Amino acid sequence: MTSSSNENIHQKIRNEFPYDVKKLTEISIPVDKNIKLAATIWMPQNKNVQLINEEKFATILEYIPYRKADWTSARDEIRLKYFSRFGYVSLRVDIRGTGNSQGIFDDEYSEQELSDGLKILEWIQNQTWSNGKTIIYGKSWAGFNGLQIGYLQPKNLAGIISAYSTDDRYNNDI
């Protein structure tokens, strides 16, 4: 094996992307009259400044109770920013009553959680940057609630990326 063929064996770390990213940390998503959910957005920014307001993007949503402002912030910054560099709006939302979101947390995968999830999808669809398509992304908790929201068949849910989760919590909950 020559040295040039050895170089092809190892993947290089990507350091060039089609989009720059702007991070917005103080986003509030209204879900009820007096309840707002806390969110962070990683917004793709076209390098051609004239096109910024004209582009519409699909959204990758992660919706979990693990405090976006501290506990998962380092992980979120790596993963969700990476998606945004390819032209997706990445949205990380704290579930009602957790992290910086208002309200009272009632239970794991509750009707309230799923209802709020549907309202988040509606909110996304109504944003000027949205092309109307959203993918729910996540593992474990976010995988479970993504599958459960998907079961409700909201019109603007384009896909679910779910890991370490199941649609049968009775027999297969982790």
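The rules behind these values
- Residues numbered from 1 in each chain as written.
- Predicted model: local features only at pLDDT ≥ 70, side-chain atom pairs only at ≥ 80, totals over all residues.
- Heavy atoms only, no water.
- Buried < 20%, exposed > 50% of the residue type's maximum accessible area, 1.4 Å probe, protein only.
- Helix = DSSP H or I, 4+ residues; strand = E, 2+ residues; numbered from the N terminus.
- Pairing = 2+ DSSP bridges.
- Polar contact = N/O pair within 3.5 Å; in protein donor to acceptor, adjacent residues only side chain to side chain.
- Axes fitted to C-alpha atoms, helices over the stretch in contact; angles between N-to-C directions.
- Parallel < 35°, antiparallel > 145°, perpendicular 65-115°, else oblique.
- Contact = heavy atoms within 4.5 Å.

- The protein chain is annotated in an unreviewed UniProt entry as Xaa-Pro dipeptidyl-peptidase-like domain-containing protein of Rotaria magnacalcarata.

Concerning the pairing of strand β4 (residues 89-94)
And step 1. With six of six residues buried, β4 lies mostly within the body of the structure.
And step 2. Covered by surrounding structure in β4 are Val 89, Leu 91 and Val 93 together with Ser 90, Arg 92 and Asp 94, the residues of both alternating faces.
And step 3. Here strand β2 (residues 35-46) runs beside β4; their pairing, made up of four bridges, is antiparallel. Looking at β4, one finds that Ala 39 is bridged to Val 93.
And step 4. Note that strand β3 (residues 57-64) and β4 share six bridges and pair parallel. Residue pairing in the sheet places Ile 64 in a bridge with Asp 94 of β4.

Some words on the side chain of Ser 110
And step 1. As for its position among the elements, Ser 110 is in the loop between β4 and α3 (111-125).
And step 2. Classification of Ser 110 as buried rests on a relative accessible area of 10%.
And step 3. Looking at Ser 110, its side chain comes within polar contact range of the side chain of Asp 106, at 2.7 Å.

A look at the packing of α3 against helix α4 (residues 141-151)
And step 1. Interaxial distance between α3 and α4 falls to 10 Å at its minimum, and their mutual angle equals 75°. For the element pair α3 / α4, the angle class is roughly perpendicular. Contacts between α3 and α4 involve Glu 113, Leu 114, Gly 117, Leu 118 and Leu 121 from the first element and Trp 141, Asn 145, Gln 148 and Ile 149 from the second.

As for the environment of Thr 40
And step 1. If you trace the backbone, Thr 40 turns up in strand β2.
And step 2. Spatially, the C-alpha atoms of Thr 40 and Asp 76 are 9.4 Å apart, while their sequence positions differ by 36 residues.
And step 3. Aside from chain neighbours lying at most four places away, what touches Thr 40 is Lys 23, Leu 24, Thr 25, Lys 68, Ser 90, Leu 91 and Arg 92.

Structural notes on the sheet that holds β2
And step 1. Pairing is mixed in the open sheet, where six strands are placed in the order β1-β2-β4-β3-β5-β6. Each edge of the sheet is formed by a strand with only one pairing partner; in this case those strands are β1 (19-32) and β6 (157-163). Direction aside, neighbouring strands of the sheet carry axes that sit 20° apart on average.
And step 2. Here strand β5 (residues 130-139) runs beside β6; their pairing, made up of six bridges, is parallel. Paired with Gly 138 across the strands is Ser 162, a residue of β6.

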